[in-house]
Amino acid sequence: MLAKLVAFDTTSRNSNLPLIEWVAAYLAEHGVRSEILHSPDRTKANLFATIGPAANGGIILSGHTDVVPVDGQPWTTDPWTLTEKDGRVYGRGTTDMKAFSAAALAKVPDWTKGGLKRPIHLALSYDEEVGCTGVGGMIDWLGRSGMRPRAVIVGEPTEMRVVTSHKGGIIGTCTVIGVAGHSSQVHRTVNAVMYAAELVAYGARLGEEMKAATQDAAFDPPYSSLQINIMRGGAGGNVVPHEASFFWEHRALPGVRLEDCVDKLRAYAADILLPRMRAVSPATDIRIDVLAKIPALGAEPGSAAETLALALAGRNATEAVAFGTEAGYFQGLGIPTVVCGPGHIAQAHQPDEFIALDQLAACDRFLDRLTEECRK
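It should be emphasised that the depicted structure is a prediction, and the values quoted were computed from it without experimental measurement.

## What to know about the nonpolar core
- With 50 residues, the main nonpolar core has Leu27, Leu61, Trp111, Leu122 and Ile153 as its most contacted residues.
- Ignoring sequence-local partners within four residues, the contact set of Trp111 consists of Ile51, Leu61, Ala104, Leu116, Ile120, Leu122 and Thr371.
- Counting residues in each nonpolar core, the second largest holds 28 residues, with Ile170, Ala192, Leu265 and Tyr268 among its members.

What follows is the structure, encoded as structure tokens:
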């Protein structure tokens, strides 16, 4: 099953419809109906399916179908062909995160034989890797459906440890519009790159302030962060640049308001930088845009999801992680949610991405215990 899913090139820039349609056909062969929830432009889709009785109290198994690009990475295997070697299987998405979805889909024939007294739901999303921008349509649909699931398990790679808390995130861009001209005419121009650099430097200071502010030892690192990860600008060595831009990301501890960081960047641009720029030309501007927000997952000690996942995983303690997932969206609906899946996050997004076979076996055991739980 994992080999079949990996063979679909579902890099986020591509459509995931071939994979979704294949999964829907596979489920239909076993008598399972799928709800296909298309993107506004109908080039991508989420899938939601229910195995077992149409009743409340079911368990949602959640996974995203998209993967990050392989462009420029030094792969030694074909990223779209599952390759087994030395106790591992290699391929794009093996760890992040087609293995969990494959393990669940492989259990469908057993689940459809009957005996489930509580339903198992499969929730497959699109565009998680570009800011969790696809799952919203499924969350809206689920909220309107009237379903009352008992718990959600998001199968991102945690080495089958039970994660009950992760940071939230907000990402976006900044575009600085200056006044171009010959580099000798500095008094008549506004250097977009240099003003963008001032804002980047301010962002770096904000990041240092976050290190000294609220900390939570459960996370690594234990503080919120702000990073500038892409920067562009300039047309020539003797030309004052008209435009510059950068991409920023803010990862925040649970309980920290994501928008506070954006508000500070905008205030610095409006109060400190723009007055100097517009003293030369009123046409100058600084635009700070939000592309996506990923809600944090907050710990809910003793929740139905935590209790269930600890029992299924054979563990007695929960953990927190710094990376983001779609879990906060489900929690926002009032459904207890945890993150627990095979593989290690260190393999995610890497060339020669792999998952160990013993991790797949551990996930199988987890789902076998879930099967028994839903037959009680």
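Additional details are given in the paragraphs that follow.
## Overview of helix α3 (residues 94-106)
- The end-to-end C-alpha distance of α3, which contains 13 residues, comes to just 15 Å, noticeably less than the 18 Å that a straight helix rising 1.5 Å per residue would cover.
- Where burial is concerned, most of α3 is hidden: twelve out of the 13 residues are buried.
- Buried within α3 are the following residues: Thr94, Thr95, Asp96, Met97, Lys98, Ala99, Phe100, Ser101, Ala102, Ala103, Ala104 and Leu105.

## Some remarks on the pairing of strand β13 (residues 243-252)
- The buried count for β13 comes to seven of ten residues, which makes it a mostly enclosed element.
- Sheet topology places strand β9 (residues 168-177) next to β13; ten bridges connect them, and they run antiparallel. Opposite Gly168, over in β13, you have Ala252 as the bridge partner.
- Pairing analysis gives eight bridges linking strand β11 (residues 225-233) to β13, with the strands arranged antiparallel. Bridge pairing in β13 places Ser225 opposite Arg251.

## Considerations on the layout of surface pockets
- If you add up the space inside the largest pocket, you get close to 600 Å³.
- Lining the largest pocket are 27 residues, and of these Glu128, Glu129, Arg251, Ile294 and His349 lie nearest its centre.
- By residue class, the composition of the lining of the largest pocket is twelve nonpolar, eight polar and seven charged.
- Looking at the lining of the second largest pocket, the elements with two or more residues in it are α6 (192-212), β11, β13 and β15 (319-321).
- In terms of residue count, α6 provides more of the lining of the second largest pocket than any other element does, four residues in total.

## Notes on the packing of α6 against helix α7 (residues 259-278)
- One can describe the packing of α6 onto α7 by two numbers: an axis separation of 10 Å at closest approach and a directional angle of 145°. In the crossing of α6 with α7, the sense of the turn from one axis to the other is right-handed. Residue-level inspection shows Tyr195, Glu198, Leu199, Tyr202, Gly203, Arg205, Leu206 and Met210 of α6 in contact with α7, the latter providing Cys261, Lys264, Leu265, Tyr268, Ala269, Leu273, Arg276 and Met277.
- Looking at the contact of α6 with α7, its residues break down into eleven nonpolar, one polar and four charged.

## Notes on the sheet that holds strand β14 (residues 285-294)
- Taken in spatial order, the four strands of this open sheet run β11-β13-β9-β14, and their pairing is antiparallel. Strands with a single pairing partner mark the edges of an open sheet, and in this sheet they are β11 and β14. Along the sheet, successive strands turn relative to each other by an average axial angle of 15°, direction set aside.
- Pairing geometry for β9 and β14, over nine bridges, is antiparallel. Among the inter-strand pairings, Thr173 is bridged to a residue of β14, identified as Asp289.

## Quick notes on unusual backbone geometry
- Cis geometry marks the peptide bond from Asp96 to Met97, where omega comes out at -10°.
- Within the secondary structure, Met97 is located in helix α3.
- Here the amide bond leading from Asp220 into Pro221 is cis, since omega sits at 5°, within 30 degrees of zero.
- Considering the arrangement of structural elements, one finds Pro221 in the loop between α6 and β11.
- For Asp127, which is not glycine, the phi torsion reads 60° and is therefore positive.
- Within the element layout of this structure, Asp127 appears in the loop between β6 (120-125) and α5 (135-145).
- Phi is positive for Asp352, close to 55°, though the residue is something other than glycine.
- Summarising the element assignment, Asp352 is placed in the loop between β16 (337-339) and β17 (354-356).
- Given the relative accessible area of 18%, Asp352 is considered buried.

About the criteria used
- Residues numbered from 1 in each chain as written.
- Predicted model: local features only at pLDDT ≥ 70, side-chain atom pairs only at ≥ 80, totals over all residues.
- Heavy atoms only, no water.
- Core = buried A, V, L, I, M, F, W, Y, C linked by side-chain atoms within 4.5 Å.
- Buried < 20%, exposed > 50% of the residue type's maximum accessible area, 1.4 Å probe, protein only.
- Contact = heavy atoms within 4.5 Å.
- Helix = DSSP H or I, 4+ residues; strand = E, 2+ residues; numbered from the N terminus.
- Expected span 1.5 Å × (residues − 1).
- Pairing = 2+ DSSP bridges.
- 1 Å grid on protein atoms, 1.4 Å probe; cavity = no way out; pocket = protein on both sides within 12 Å on 5 of 7 lines; lining within 4 Å.
- Points joined across faces, edges and corners; volume = space filled by probe spheres on them.
- Nonpolar A, V, L, I, M, F, W, Y, C, P; charged D, E, K, R; others polar.
- Axes fitted to C-alpha atoms, helices over the stretch in contact; angles between N-to-C directions.
- Left-handed = near helix turned anticlockwise from the far one by under 90°.

Fair warning: the whole summary comes from geometry, so function is off the table for now.
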